[in-house]
Amino acid sequence: LKGKVLKLQVTPVYILLNKPKDYICTANDPEGRKTVLDIIKNATTQRMFPVGRLDRNTTGVLILTNDGDLAQKLTHPSYEIKKIYEVTLDKPVTKADLEAIAAGVTLEDGFIAADAVSYVGAAKNVIGIEIHSGRNRIVRRIFEHLGYKVNKLDRVIFAELTKRNLPRGRWRELTNLELTNLQMMK
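Residues numbered from 1 in each chain as written. Predicted model: local features only at pLDDT ≥ 70, side-chain atom pairs only at ≥ 80, totals over all residues. Heavy atoms only, no water.

A.B. asks: What is the right way to look at the environment of N125 in this model?
C.D. replies: Note that N125 resides in the loop between β7 (116–119) and β8 (126–131). Along the backbone, N125 and D90 are 35 residues apart, and their C-alpha atoms lie at a distance of 6.9 Å. Not counting residues up to four positions away in its chain, the partners in contact with N125 are V87, T88, L89, K91, P92 and V93. (Helix = DSSP H or I, 4+ residues; strand = E, 2+ residues; numbered from the N terminus. Contact = heavy atoms within 4.5 Å.)

Structure, rendered in structure tokens:
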């Protein structure tokens with residue numbers, strides 16, 4: 001064994017979680033708050049980490065894995081991974097503001113434009129927004145910049161994965177097809 005590099009075999013694990021409110025996306029919290037890893041603690045003995053972050057008050061699709069290469073691919077800006085959110089606001093969004101979000105707004109850390117934005121149903125205070133930026137709290141900041149308060153933020157799609165048939169607070173392993181599709185993303 002002298003001079004040889006030993007490599008531990010790690011079995012890759014891929015979990016899709018429908019994140020509930022009041023959980024944070026970190027491996028451990030010095031303040032002792034609930035983390036998304038608490039939810040999946042019985043899923044595997046592998047050391048897992050969340051891919052991308054959802055803040056404590058945001059719900060929805062989250063991937064957890066021990067595959068650093070895939071995590072890097074899903075979070076690096078050059079891959080432009082699609083995310084779709086449903087945003088519930090304190091008041092109806094004007095058509096002018098919806099158009100401004102589509103055209104783009106300048107925030108303190110630079111310009112951002114949604115890839116797509118529209119009303120969800122008849123209520124003009126529920127908006128669907130597609131964005132590929134991973135900047136911190138970007139969806140909340142876009143609406144706050146225009147004078148709205150975000151009452152609810154739910155990520156409904158991340159990298160083509162949905163939370164369909166997955167109740168809030170529940171998780172499942174990715175299917176082989178889902179995993180293949182993620183690995184093939186360019």
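A.B. asks: Just to check I follow, could you spell out the layout of surface pockets for this structure?
C.D. replies: The calculated volume of the largest pocket comes to roughly 560 Å³. Around the largest pocket, the lining is made up of 27 residues, and of these R53, S133, G134, R135 and N136 lie nearest the centre. Residue assignment for the lining of the largest pocket shows that the elements contributing at least two residues are α2 (68–75), β4 (83–89), α4 (138–145) and β9 (150–158). Tallied by class, residues from the lining of the largest pocket come to 11 nonpolar, 9 polar and 7 charged. (1 Å grid on protein atoms, 1.4 Å probe; cavity = no way out; pocket = protein on both sides within 12 Å on 5 of 7 lines; lining within 4 Å. Points joined across faces, edges and corners; volume = space filled by probe spheres on them. Nonpolar A, V, L, I, M, F, W, Y, C, P; charged D, E, K, R; others polar.)

A.B. asks: For this particular structure, what's the right way to read the pattern of salt bridges?
C.D. replies: Pairing of side chains with opposite charge becomes possible as their charged atoms draw close. Applying the stated criterion across every chain yields a total of 13 salt bridges. Among the salt bridges present, the one from K95 reaches E99, with a minimum N-O distance of 3.0 Å. One end of the pair, K95, and the other, E99, are both in helix α3 (residues 95–103), 4 residues apart, so they sit about a helical turn from each other. The exposed category is assigned to K95, whose relative accessible area is 57%. A salt bridge links D154 to K163; its shortest N-O distance comes to 2.5 Å. Assessed through its relative accessible area of 6%, D154 is described here as buried. Among the charged side chains, a network of salt bridges with common partners joins E108, D109, R135 and R141. (Salt bridge = Lys/Arg side-chain N within 4 Å of Asp/Glu carboxyl O. Buried < 20%, exposed > 50% of the residue type's maximum accessible area, 1.4 Å probe, protein only.)

A.B. asks: Is there a simple way to think about unusual backbone geometry in this case?
C.D. replies: Backbone geometry places D22, a non-glycine residue, at a positive phi of 70 degrees. Relative to the elements of secondary structure, D22 occurs in the loop between β1 (14–19) and α1 (36–39). In this structure D22 comes out as partly exposed when scored by relative accessible area, which is 34%. Positive phi values are uncommon outside glycine, yet A159 reaches one of about 55 degrees. In this structure, A159 sits in the loop between β9 and β10 (161–162). The class of A159 is buried, set by a relative accessible area of 2%.

A.B. asks: Quick question: what am I supposed to make of the nonpolar core here?
C.D. replies: Taken as a class, soluble globular proteins show a tendency for nonpolar side chains to be buried jointly. Ranked by internal contacts, the top residues of the largest apolar core, which has 34 residues, are L64, V87, I129, V139, I142 and F143. Sequence-distant contacts of L64, that is, excluding residues within four places in its chain, are made with V13, Y14, I15, L17, V36, L37, I40, M48, F49 and P50. Counting residues in hydrophobic clusters, the runner-up holds 17 residues, among them L70, L74, F158 and A159. (Core = buried A, V, L, I, M, F, W, Y, C linked by side-chain atoms within 4.5 Å.)

A.B. asks: When you look at the packing of aromatic side chains in this model, what are you seeing that I'm missing?
C.D. replies: Aromatic ring pairs are described here by two measures, namely the spacing of the ring centres and the angle between the planes. The tally for this structure, following the rule as stated, stands at 1 aromatic pair. Centre to centre, the rings of F143 and Y148 are 6.5 Å apart; their planes meet at 80 degrees, and the pair counts as edge-to-face. No difference in accessibility class separates F143 from Y148, as the two residues are buried. In this structure, K124 packs its charged tip against the face of Y119, placed 4.5 Å from the ring centre. (Phe/Tyr/Trp six-rings, centres within 6.5 Å; stacked < 30°, edge-to-face > 60°. Lys NZ or Arg CZ within 6 Å of the ring centre and 35° of its normal.)

A.B. asks: Even after reading the chapter, I still don't get α4, so can you show me in this structure?
C.D. replies: An α-helix turns once per 3.6 residues; consequently, residues spaced three or four apart project the same way. By the criterion of burial, α4 is predominantly enclosed, with 6 of the 8 residues buried. Here α4 has its buried residues at I138, V139, R140, R141, I142 and F143. Within two residues after α4, G147 carries a phi angle of roughly 90 degrees, on the positive side.

A.B. asks: Could you clarify how one ought to interpret the pairing of β8 in this entry?
C.D. replies: In the case of a regular strand, side chains alternate between the two sheet surfaces. Taking burial as the measure, the 6 residues of β8 include 5 buried ones, the bulk of the element. As paired elements, β4 and β8 share 6 bridges and run antiparallel to each other. Residue I84 lies in a different strand from β8, and its bridge partner there is E130. Pairing between β7 and β8: 4 bridges, direction antiparallel. Of the residues in β8, the one forming a bridge with Y119 is I127. (Pairing = 2+ DSSP bridges.)

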